[in-house]
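# Observations on chain architecture
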Amino acid sequence: MQQYSSLPEQNSQLDATQTVLTTIQQLKAELWLERSLSRLQNRLNDCLVCLTSNQQTVTSEADIFKIVVNELNSALNNSRVAIALVEPQQTVSKVCFISSSPSRRSPLPLLKPMVRKGKKLHLRLQEEIDIEDLQFLEKQDPPNAWQLADNSGSVIGWLIIARTPIESSCELFKDVCTQITSQLLARAAQQCAATITQLRRIQSLQQHCQNLENLNQELERTNQLKNQFLANTSHEIRTPLSSIIGFTHLLLAQGYEPSRERHQEYLNIIQSSGKHLLALINDILDLSKIEANQLEMQWEKVDLQTLCRNVLILVKEKAANKGLKLVLEIDSNVTTLIADSLRLKQMLLNLLFNALKFTNTGTVGLQVKSNDSWIHFTVWDTGTGIPKEHQTELFQPYFQIANTVVGRDEGTGLGLAVTRKLAELHGGRVEVESELNSGSRFTIILPLRQAEEGEVGRTGDGEVANSQSPITHYQLPITNYPSPNILLVEDDLPNAQMMQTYLQKLGYQVNLVKNAAEMWKSLNKQKPGVILLDVQLPDENGLALVKKLREHKYFRTIPIIVQTAMAMKGDRETCLAAGVNDYIAKPIDLPLLGTLVSKYCKASI
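Below or above, wherever it landed, is the structure these notes cover. Once a new chain begins, its residue numbering starts again from 1 and follows that chain's sequence as written. Only residues with pLDDT of at least 70 get local features here, since the model is predicted, and only at 80 or more are side-chain atom pairs given and counted; chain-wide, interface and lining totals rely on the full set of residues. Working from all heavy atoms in the structure, the side-chain values ignore hydrogens and water.

### Section: helix α12 (residues 542-551)
Residue burial is assigned from relative accessible area. The probe radius is 1.4 Å, only protein chains are included, and a residue is buried under 20% of its type maximum, exposed over 50%, and partly exposed in between. For the purposes of this entry, the term helix denotes a DSSP run of H or I that reaches at least four residues, the term strand denotes a run of E that reaches at least two, and both are numbered from the N terminus. Along α12, the residues that are buried comprise G542, L543, L545, V546 and L549. Within α12, the buried residues cover an arc of 150 degrees as seen down the axis, which keeps them to one side. Any two residues whose heavy atoms approach within 4.5 Å at even a single point are treated as in contact. Looking at the buried positions of α12, the neighbouring elements they touch are α11 (516-525), β17 (530-534), β18 (560-564) and α13 (571-578). Between a side-chain oxygen at the N-terminus of α12 and the backbone nitrogen of L543 the separation is 2.8 Å; the capping residue is N541. As used here, the arc is the angular range of directions from the helix axis to the C-beta atoms. Two N or O atoms form a polar contact when they lie within 3.5 Å of each other; inside protein one atom must be a possible hydrogen donor and the other a possible acceptor, and for residues adjacent in sequence the pair counts only when both atoms belong to side chains.

In structure tokens form, the structure reads like this:
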């Protein structure tokens, strides 16, 4: 009987068993890989969800890195994981996150390969590792480092592992473990970088939303202030307009013939109300010019005692009407100051009118004293005082404190804002001290300067001061020579009649035309001594007409004075650059107009 050996069959069975075991081991490793990555991704997603929800927790990049390190540490209990972050433009990275050691007694893990150019690379917090070393570790087989790059390709940091040798008699098992660990680290690095990119995008969107919210709040606040400003301004405009219209109606009414004294009183009220309207407009323009850095300063030597007394005279009537006492205290050492006298008076009046507005009984005072190289102008009162929470808002444009003394808000809320900015243009500041029901003290602090050569009469930016600076009183010019003809080009009939009547009373012959076409016809008939030209004409721009006149051989030498409502800085310079001789702003100051006409008429004779 023939016998057969069973050894080949046994070997085949062993091989089959080994193949099955290897396959099972491979599947278990892959399952472990996917489970670990899934758990890591879920934790990272939870972080992002917390960031986008209304929860109070704030997610940072550090939280992301900690999650990655901790999850990998949990999955790889035989290795140590760390993340080293890279600063822009740096050649080293610093270990900022690291997993706990598998055992407290375990030695400090070394990176494999342990030595590069004589270096031993340790994994510990705050350890600095050269980028070149990390790139070297990335190229090893298996790698020990993986880049963390954002969506722009910039390297955020590095994911690093210090492997603990796997003890196993099966080389195939070792290979599977090493391979699957490398896959885990590589994909974890991708998840980490993608999450950081999403985090930054979410944070950017949240910051953008916050900026929009802040902007909306600011716009809402500005809108409220605008509405308040319009309401207050409307009231301030309507009050003097009511006087102007009402007293004008009385004077025009048939059958009503007031006495000469009463007639003069009504005209004074109309003039005062008109000046009040102009002051309101000037406040608004002043703030606009200051904010645009376009306010001209007229520096001069100011007699402070005279200026302060004149200021108190202006508020004396209002104080008397409320039964308030006015006090002026001036340090005997304080005599003169280099400043813009008009703007200094404006600042003091703003503070004094505020003090009078918020004081029902007691005293309002102005104290002037020197302090080293500074002069302090303090306006104080015994009024209602200002709550602490409102004192920081006082100098905001349009802000007003409810005035229980008068029962309504007066003014536009621009006075203190303009005052502070004017003080700053003088190189000074404004300070406030106040307690509720104990009065207030507003102090304008200006530097005590001596006049330097060429400084007086010049603006803050070194330009020659505007020859149109306000003049308080004028002597009516008298023409003691043959009166030349004046050509007045003005399309606004009331303004035209006013200027024509005034100049005719001064002895001038005024020819009035309404547009450019009529101007050329008049010039062809008679050459005037002076042309008064409105800038805004219905058929042509006045400055374009000036250029044409300057190019004309017969008319180029005629003096031209433009009258215009263009009153911002740069408007006068624009007119002069076009070729005019002088400039006067509307509303027309008639005495100033007479002075200018007299000046150029003399020059033309």
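Having put the structure on the table, let's press on.
### Quick word on the packing of helix α6 (residues 304-321) against helix α7 (residues 341-357)
Interaxial angle, 0 to 180 degrees, is taken between N-to-C directions of lines fitted to C-alpha atoms, where a helix line uses only the stretch in contact. As a packed pair, α6 and α7 sit with axes 10 Å apart at the nearest point and diverge in direction by 35 degrees. By crossing handedness, the relation of α6 to α7 is classed as right-handed. Only S341, L344, K345, L348, L349, L352, F353 and L356 of α7 make contact with α6, whose side of the interface consists of L304, L307, C308, V311, L312, L314, V315, K318 and A319. The nonpolar class holds Ala, Val, Leu, Ile, Met, Phe, Trp, Tyr, Cys and Pro. Asp, Glu, Lys and Arg form the charged class, and all remaining residues, Gly among them, are polar. Classifying every residue of the contact of α6 with α7 by side-chain character gives 14 nonpolar, 1 polar and 2 charged. Crossings are assigned a handedness: left-handed for a near helix turned anticlockwise from the far helix by less than a right angle, right-handed for a clockwise turn.

### Regarding a nonpolar patch on the surface
Each patch is assembled from residues with relative accessible area greater than 30% and no salt bridge, linking like charges that lie within 9 Å and nonpolar side chains (Val, Leu, Ile, Met, Phe, Trp, Tyr) that lie within 5 Å. Only the protein chains shown count as cover for residues, and all accessible areas are computed by the Shrake-Rupley method using a 1.4 Å probe. Counted as salt bridges are all cases of a side-chain nitrogen of Lys or Arg within 4 Å of a carboxyl oxygen of Asp or Glu. A contiguous nonpolar patch, built from L212, L215 and L219 and spanning about 270 Å² of accessible area, is present on the exposed surface. Looking at the element boundaries, L215 is found in helix α4 (residues 171-252).

### Re empty space enclosed by the protein
Rolled over the atoms, a probe with the dimensions of a water molecule shows which regions are left empty. Space inside and on the surface of the protein is sampled on a 1 Å grid over the protein atoms alone, with a cavity defined as a set of points where a 1.4 Å probe fits but cannot get out and a pocket as an open set with protein on both sides within 12 Å along at least 5 of 7 lines; lining residues have an atom within 4 Å of a point. Grid points are joined across faces, edges and corners, and a volume is the space filled by probe spheres set on the points. For the coordinates displayed, the defined rule picks out 1 cavity of 30 Å³ or more. In this structure, the largest cavity occupies an estimated 50 Å³ of space. What lines the largest cavity is N485, I486, L487, N511, S522, Q526 and P528. When residues in the lining of the largest cavity are grouped by element, the largest group, 3 residues, is from strand β15 (residues 485-489). Of the residues that constitute the lining of the largest cavity, the class distribution is 3 nonpolar, 4 polar and no charged.

### Notes on the nonpolar core
In this structure, L304, L337, L344, L348, F377, I444 and L446 are the most contacted members of the largest nonpolar core, which totals 45 residues. The element that contributes the greatest number of residues to this core is α7, accounting for 8 residues. Here, the term nonpolar core denotes a set of buried Ala, Val, Leu, Ile, Met, Phe, Trp, Tyr and Cys residues that are joined through side-chain atoms within 4.5 Å.

### Observations concerning the environment of A516
One can find A516 in helix α11. Judged by its relative accessible area of 2%, A516 is buried. As a C-alpha pair, A516 and P538 span 22 residues in sequence and 8.2 Å in three-dimensional space. When neighbours within four sequence positions are excluded, A516 is seen to be in contact with L537, D539, E540 and L545.

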